[in-house]
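Results of the structural survey
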Protein chains: 2
Amino acid sequence: MDELKERIRKEGKVLPGNIIKIDGFLNHRVDVKLMRSIAKEFARLFDTTGITKVLTVEASGIPIGTITAEELGVPLVYAKKAKSDNIEGGLLRSEIYSYTYKKKVTLLVSSNWLTSDDKVLVVDDFLANGEALSGIVDIINQAGAELIGMGVAVEKGFQPGGAKLRGMGINLKSLAIIESADENGIVFREAIY
Amino acid sequence: MDELKERIRKEGKVLPGNIIKIDGFLNHRVDVKLMRSIAKEFARLFDTTGITKVLTVEASGIPIGTITAEELGVPLVYAKKAKSDNIEGGLLRSEIYSYTYKKKVTLLVSSNWLTSDDKVLVVDDFLANGEALSGIVDIINQAGAELIGMGVAVEKGFQPGGAKLRGMGINLKSLAIIESADENGIVFREAIY
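Residues numbered from 1 in each chain as written. Chains lettered and ligands numbered in written order. Predicted model: local features only at pLDDT ≥ 70, side-chain atom pairs only at ≥ 80, totals over all residues. Heavy atoms only, no water.

Digging into the overall build of chain A
We count it as follows: The helix count covers DSSP runs of H or I at least four residues long, the strand count covers runs of E at least two residues long, and both are numbered beginning at the N terminus. Per-residue accessibility, obtained with a 1.4 Å probe over protein chains only, is compared with the maximum for each type, and a residue is labelled buried under 20%, exposed over 50%, and partly exposed between these values. Here, residues are in contact when the closest pair of their heavy atoms is within 4.5 Å. Under the counting rule used here, the positive set is Lys and Arg, the negative set is Asp and Glu, and His together with the chain ends is not counted. For the purpose of locating charges, the reference atoms are NZ of Lys, CZ of Arg, CG of Asp and CD of Glu.
When its secondary structure is counted, chain A shows five helices and 11 strands. Projecting the C-alpha coordinates of chain A onto the three principal axes gives extents of approximately 50 × 35 × 30 Å. Across the 193 residues that make up chain A, the buried fraction comes to 57%. Contacts spanning at least 24 positions in sequence make up 60% of the contacts within chain A whose residues lie at least 6 apart. Of the side-chain charges in chain A, 25 are positive and 26 negative, and the distance between the mean point of each set is 3 Å.

What to know about the environment of Val122 of chain B
Residue and element names in this part refer to chain B. Here Val122 shows up in strand 8 (residues 119-127). On the basis of relative accessibility, which here comes to 0%, the residue Val122 falls in the buried class. Along the chain, Val122 and Val54 lie 68 residues apart, while their C-alpha atoms are 5.8 Å from each other. Excluding anything up to four places from it in sequence, Val122 contacts Leu55, Leu133, Ile136, Ile140, Leu147, Gly149, Met150 and Gly151.

Quick notes on the relation of the copies chain B and chain A
Cut-off, in case you're wondering: Superposing the copies works by least squares over the C-alpha atoms of residues that have pLDDT at least 70 in both of them.
Each copy of the sequence occupies a distinct position, and chain B is placed on chain A by a rotation of 180° and an axial shift of 0.0 Å, giving an RMSD of 0.0 Å. A rotation of that kind, with that shift, is consistent with a two-fold axis. Within chain B, Ala59 of chain B has its C-alpha nearest the rotation axis, a separation of 2.5 Å. When you check the interface residues of chain B against chain A, 100% turn up at the interface there too, and the contact is symmetric in its surfaces.

Observations concerning the confidence of the model for chain A
Stated formally: Residue-level confidence of the predictor is what pLDDT reports, using numbers from 0 through 100.
On average, residues of chain A score 94 in pLDDT, and 96% of them reach the 70 mark or higher. At the level of chain-chain contacts, confidence expressed as ipTM amounts to 0.95, with global pTM at 0.96.

Things to note about the nonpolar core
Applicable threshold: Take the buried residues of types Ala, Val, Leu, Ile, Met, Phe, Trp, Tyr and Cys, join any two whose side-chain atoms come within 4.5 Å, and each joined set is a nonpolar core.
Formed by 77 residues in total, the largest nonpolar core has its most connected members in Leu4, Ile8 and Ile38 of chain A together with Leu4, Ile8 and Ile38 of chain B. Those residues in contact with Ile38 of chain B that sit more than four places away from it in its chain are Met1, Leu4, Ile64, Ala153 and Leu175 of chain B.

Re the packing of aromatic side chains
Rules: Ring pairs are drawn from Phe, Tyr and Trp, using the six-membered ring of Trp, whenever the two centres fall within 6.5 Å, and their geometry is named by plane angle: stacked under 30 degrees, edge-to-face over 60, tilted for the rest.
For the coordinates displayed, the defined rule picks out four aromatic pairs over all chains. With a centroid separation of 6.4 Å and an interplanar angle of 55°, the aromatic rings of Phe42 of chain A and Phe46 of chain A are classed as tilted. With a centroid separation of 5.0 Å and 85° between ring planes, the pair formed by Tyr97 of chain B and Tyr99 of chain B is classed as edge-to-face. Judged by relative accessible area, Tyr97 of chain B falls into the partly exposed class, the value being 34%.

Let's talk about the pairing of strand 10 (residues 172-182) of chain B
All names here are of chain B. The test is simple: What makes two strands pair is DSSP finding at least two bridges between them.
In terms of residue burial, strand 10 counts as a mostly covered element, since eight of its 11 residues are buried. Pairing of strand 9 (residues 146-156) with strand 10, which is carried by six bridges, proceeds in the parallel orientation. In the sheet register, Met150 faces strand 10, and the bridge partner there is Leu172. Note: strand 10 against strand 11 (residues 185-188), four bridges, orientation antiparallel. Across the sheet, Ser180 pairs through a bridge with Val187, a residue of strand 11. The turn linking strand 10 back onto strand 11 is made up of two residues.

Side note on the packing of helix 1 (residues 2-11) of chain B against helix 2 (residues 32-45) of chain B
Residue and element names in this part refer to chain B. Going by this rule: Lines fitted to the C-alpha atoms define the axes, with helices restricted to the stretch that makes contact. Angles between their N-to-C directions range from 0 to 180 degrees. Working rule for angles: under 35 degrees goes down as roughly parallel, over 145 as roughly antiparallel, 65 to 115 as roughly perpendicular, anything else as oblique. Residues are grouped as follows: nonpolar covers Ala, Val, Leu, Ile, Met, Phe, Trp, Tyr, Cys and Pro; charged covers Asp, Glu, Lys and Arg; every other residue, Gly included, is treated as polar.
Relative to each other, helix 1 and helix 2 sit at 140°, their axes nearing to 10 Å. The angle between the axes of helix 1 and helix 2 places the two elements in the oblique class. Where helix 1 abuts helix 2, its residues Glu3, Leu4 and Arg7 lie against Leu34, Ser37 and Ile38. Here the contact of helix 1 with helix 2 is composed, by residue class, of three nonpolar, one polar and two charged.

Points about helix 4 (residues 131-143) of chain A
Residues and elements named next belong to chain A. Filter applied, for reference: To estimate the expected span of a helix, count its residues, drop one, and scale the result by 1.5 Å.
Look at helix 4: 19 Å from first C-alpha to last across 13 residues, which is about the 18 Å you get at 1.5 Å a residue. Those residues of helix 4 lying buried are Leu133, Ser134, Gly135, Ile136, Val137, Ile139, Ile140 and Ala143. With its phi angle positive at about 75°, Gly144 sits one or two positions after the end of helix 4.

A few points about the pattern of salt bridges
Basically, it comes down to this: Any carboxyl oxygen of Asp or Glu within 4 Å of a side-chain nitrogen of Lys or Arg constitutes a salt bridge here.
All told, the structure shown has 26 salt bridges over all chains when counted by the stated rule. Note that Arg7 of chain B is salt-bridged to Asp31 of chain B, the shortest N-O span being 2.7 Å. Residue Arg7 of chain B is found in helix 1, and its partner Asp31 of chain B is found in the loop between strand 3 (29-30) and helix 2; the two are separated by 24 residues along the sequence. A single burial state applies to Arg7 of chain B and to Asp31 of chain B, both of which are buried. The salt bridge involving Lys104 of chain B is made with Glu95 of chain B; its shortest N-O contact spans 3.8 Å. Across the pair, Glu95 of chain B and Lys104 of chain B agree in class, each one exposed. Through salt bridges that share partners, Arg36, Lys40, Glu70 and Glu71 of chain A together with Arg36, Lys40, Glu70 and Glu71 of chain B make up one connected network.

Considering helix 2 of chain B
Note: α-helices contain 3.6 residues per turn, so residues at a spacing of three or four share the same orientation. For helix 2 of chain B, with 14 residues, the first-to-last C-alpha span of 20 Å sits near the 20 Å given by 1.5 Å per residue. Among the residues of helix 2 of chain B, those classed as buried are Val32, Leu34, Met35, Arg36, Ile38, Ala39, Glu41, Phe42 and Leu45 of chain B.

Shown next as structure tokens:
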């Protein structure tokens, strides 16, 4: 998606340790117009016939999730990250390793809001190691719901998440795949959908 | 806002300890159509002339914040909740007590994304003790930004947050103010804007 790649090129900051900071439009300050363009691109790329929900992970997936859900005319469900040991009943859960928090985190979705009647599109802002999205797949399987595809705004192609999820047979489409990012600039992988 | 009150009456569950659960449309499964109605109501209730940003708090404020920002044609900024001791520089911060997590939490907003040039509308899904929203006011003051008003979907009128914020002179408008909630049902405060 050229508009997104252009924004990453113009506004992205490459920090040591392959960290790409794009918090000026994606995940702190959020350009909601760009989110609408991304949502329209997801609507174009996936066959969303019969879809019942858009699913994402708190917190940074929620802006894209909200607008994609509105674009597709279905509700959004976002997985919560458990912060306490007091986890109530009736919850689907998956334990993942969070590279952001450097510890294990439990993803939670109420079994009221994800069932075997659901047909879901998963969306997220960022894909690197794929821990959170693997946890979501685990939760969808527990619910017996159907995963129609996974739409990601920015994938770090040099980290293993994308290959892992595609290897599981998931229809994953990332709108910008960063092949490398260093002092010489950002190189994108060609991906034609 | 009648549509919102009707949904709370129909789908809200009153749990022991004055907890009102409306996670079926507001803050876990999200009815994005209702979020659009709420955003339009905020646009009607506040004079948003010259507004530069909508500001909210992660995670449950983000759906309403995203759609309100789009409705008003400005970017969204969401305050993050610090989860680690590794807080980088260039951040405005305010320490609050979180009743959800039962511990102190630091709200963070990058000083890149909130400055003295900003004129902001703050929105949130829920107001009870007002800790998070007081922290946001603190951060807005640190930035030297202008707060034009505060729009909340659901206020628990029997908890002190609303009175505290209004006592600070803030133009706070809540679309549904719950006066009491018990086994006899939910009673709303009349508030005509």
